[in-house]
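Working through the structure, step by step
Okay, here's what each chain looks like letter by letter:
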Amino acid sequence: MNLSIVGSGYVGTTVAACFADLGHNVTNVDIDESIVARINDGGAPIHEPGLDDLVAEYGGDRLRATTDYDTIRETDVTFLALPTPSRDDGSIDLGAMEAGARSLGATLAEKDGDHVVVVKSTVVPGTTEETLAPILAEESGKALGEDLHVAMNPEFLREGSAVEDFLHPDKVVFGTDSETATERLHAVFEPLLDHSDADVVETGTREAEMIKYANNAFLATKVSLVNELGNVCKEYDVDAYEVADAIGLDDRIGEQFLRSGVGWGGSCFPKDVAALIAAARAVEYEPSLLEAAVEVNDKQPKRLLDLLDSHVDVAGKQVAVLGLSFKPGTDDVRNSRAIPVIEGLLDRNAEVVAYDPVAAENMREHFPDIEYVNSAAATLEDAHGAVVVTDWDEFAALDQEFDAMADAVVVDGRRIIERRDGITYEGLTW
């Protein structure tokens, strides 16, 4: 099929490349000419394992990028994958989505025949039906349910494994109020579903919108609960990970997302939980459990710093920060737990030296004046303390590098460093 995707961020680029891998002809539409040129030259505009290979193989061929909306008229289905950033109150800003819908609608006004528009971005229940569909209908002059069909197909892609998640999903959700849209989505995903045991959920657009929020809110709350349990375990000198391993054997609980640590970050959990809280408050419901999950998460970086304070006064001393991305496998620093950790260290007048395999340049935009080095060993040399924020595999291999520290005090927020003699080791929740 001929598909178009408006937006080439983390979701748009990954989805476009994966659809091309499934055999579709894909046009990526974006306003950034440099991103367009890079995709057409076979280069991925973001760091994501496996994505470079797909864009290199299909870029400029089955996967083409352009700034020209007119090319959309040659496609059968358009996915809207534009950002929905948080406002100060946690609600989502639909400015980019609305602008994209207007441009898309105006383009479709010149297209003969019907067209299916699929919202891929994460939006609160009612957005597709009440905001985006009317814009598309007004700008295109087409009739909803006749020659214009609008659907919701939420993504469940984790940064660091997004390509794998797309190609091997647990579930695929089709939120539609149109038989045509449902049939078209099945045709789009047929090459994937033919080789997958993923469950297909056919539901309404509002339900599809809410499924994405419920998914992320549940996982974020699970992490915060495990962190709260881990905090209690530490006070009683209990190994929180042994506890987690045991409760994970209960199939009502499951073993995933049971690793206690410095908390969740990234572009999805913080934004989606905040948006769901804001949406609940808008209808005068107080989501106390979600608020508590956020509160626990916000406290974890402070707990890490408090543990460091219990061993060393960092004022005027070098402190190593290991890991800057919000999770391994990505260069994304949005809502990374390293941000409040570094802020706390700077408030203590520490001299921060930081290292991350891929995310240093992105973090430099937040903290241009701290020192960034090119290896974990260089970060630790002469440091009076070290904090582990991201669980990159290479940190697990560190050993003799700690001997170069002025004071071998290590506060591990991810349980990746091995305890040994010669290191004053503190786990965050164990």
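As shown above, the structure is provided for reference.
Structural notes, computed from the coordinates. The shown structure was predicted, so the numbers you read here are calculated from the model rather than taken from an experiment. (Residues numbered from 1 in each chain as written. Predicted model: local features only at pLDDT ≥ 70, side-chain atom pairs only at ≥ 80, totals over all residues. Heavy atoms only, no water.)

To continue, consider the side chain of Ser 91. Along the chain, Ser 91 turns up in the loop between strand S4 (77–80) and helix H4 (95–108). On the basis of relative accessible area, Ser 91 is assigned to the buried category, the value being 18%. Separated by 2.6 Å, the side chains of Ser 91 and Asp 89 make a polar contact. When sequence neighbours within four positions are dropped, the list of residues in contact with Ser 91 reads Pro 85, Ser 86 and Ala 278. (Helix = DSSP H or I, 4+ residues; strand = E, 2+ residues; numbered from the N terminus. Buried < 20%, exposed > 50% of the residue type's maximum accessible area, 1.4 Å probe, protein only. Polar contact = N/O pair within 3.5 Å; in protein donor to acceptor, adjacent residues only side chain to side chain. Contact = heavy atoms within 4.5 Å.)

Moving on to the sheet that holds strand S13 (residues 409–412). Strand order in the open sheet formed by 6 strands is S11-S10-S9-S12-S13-S14, with parallel pairing between adjacent strands. Edge positions in the open sheet fall to strand S11 (371–372) and strand S14 (424–427), since each of these has one partner strand only. The pairing of S13 with S14 spans 4 bridges and is parallel. Residue pairing across strands places Val 411 opposite Glu 426, the latter belonging to S14. (Pairing = 2+ DSSP bridges.)

One finds Leu 308, Val 321, Leu 324, Leu 345, Phe 395 and Ile 417 to be the most contacted residues of the largest nonpolar core, which totals 55 residues. Ranked by residue count, the leading element in this core is helix H12 (residues 338–347), at 5 residues. (Core = buried A, V, L, I, M, F, W, Y, C linked by side-chain atoms within 4.5 Å.)

The next thing to look at is the sheet that holds strand S1 (residues 2–6). With mixed pairing, 8 strands are arranged side by side in an open sheet as S3-S2-S1-S4-S5-S6-S7-S8. With one partner strand each, in any of the chains shown, strand S3 (63–66) and strand S8 (199–203) form the two edges of the open sheet. When the angles between neighbouring strand axes are averaged without regard to direction, this sheet yields 25°. Pairing geometry for strand S6 (residues 148–152) and strand S7 (residues 171–176), over 2 bridges, is antiparallel. Each residue of the ladder has a partner; that of Met 152, found in S7, is Gly 175. (Axes fitted to C-alpha atoms, helices over the stretch in contact; angles between N-to-C directions.)

The volume enclosed by the second largest pocket comes to roughly 260 Å³. Taken together, 16 residues line the second largest pocket, and the ones lying closest to its centre are Thr 221, Lys 222, Ser 224, Leu 225 and Val 226. Among the secondary structure elements, those contributing two or more residues to the lining of the second largest pocket are helix H8 (205–235) and helix H11 (288–309). The element that contributes the greatest number of residues to the lining of the second largest pocket is H8, accounting for 8 residues. Residue composition of the lining of the second largest pocket, grouped by class: 11 nonpolar, 2 polar and 3 charged. (1 Å grid on protein atoms, 1.4 Å probe; cavity = no way out; pocket = protein on both sides within 12 Å on 5 of 7 lines; lining within 4 Å. Points joined across faces, edges and corners; volume = space filled by probe spheres on them. Nonpolar A, V, L, I, M, F, W, Y, C, P; charged D, E, K, R; others polar.)

Now for empty space enclosed by the protein. According to the stated counting rule, one finds 1 cavity of 30 Å³ or more in the structure shown. Volume-wise, the largest cavity comes out at about 70 Å³. Around the largest cavity sit Val 226, Leu 229, Gly 230, Cys 233, Ala 240, Val 243, Ala 244, Ile 247 and Ser 260, which together line it. Elements represented by at least two residues in the lining of the largest cavity include exactly H8 and helix H9 (240–247).

The final tally for this structure, using the stated rule, is 9 aromatic pairs. When the centroid spacing of 5.2 Å and the interplanar angle of 90° are considered together, the rings of Phe 19 and Phe 166 count as edge-to-face. With Phe 19 in helix H1 (residues 10–21) and Phe 166 in helix H6 (residues 162–167), this pair connects stretches of sequence that are 147 residues apart. Aromatic rings pair up to connect Phe 19, Phe 79, Phe 166, Phe 174 and Phe 189 into one cluster. Over the ring of Phe 156 we find Lys 171, and its NZ or CZ is 4.4 Å from the ring centre. (Phe/Tyr/Trp six-rings, centres within 6.5 Å; stacked < 30°, edge-to-face > 60°. Lys NZ or Arg CZ within 6 Å of the ring centre and 35° of its normal.)

Attention now goes to the pairing of strand S9 (residues 318–322). Burial runs high along S9: 5 of the 5 residues are buried. Neither face of S9 is open: one carries Gln 318, Ala 320 and Leu 322, the other Val 319 and Val 321, and all of them are buried.

Our focus in this paragraph is H1. Relative to the 16 Å expected for 12 residues at 1.5 Å per residue, H1 spans 17 Å between its end C-alpha atoms, a close match to the ideal helical length. Extensive coverage of H1 is indicated by the burial of 9 of its 12 residues. Among the residues of H1, Gly 12, Thr 13, Thr 14, Val 15, Ala 16, Ala 17, Cys 18, Phe 19 and Ala 20 are the ones counted as buried. The first or second residue beyond H1 is Gly 23, which carries a positive phi of 105°. (Expected span 1.5 Å × (residues − 1).)

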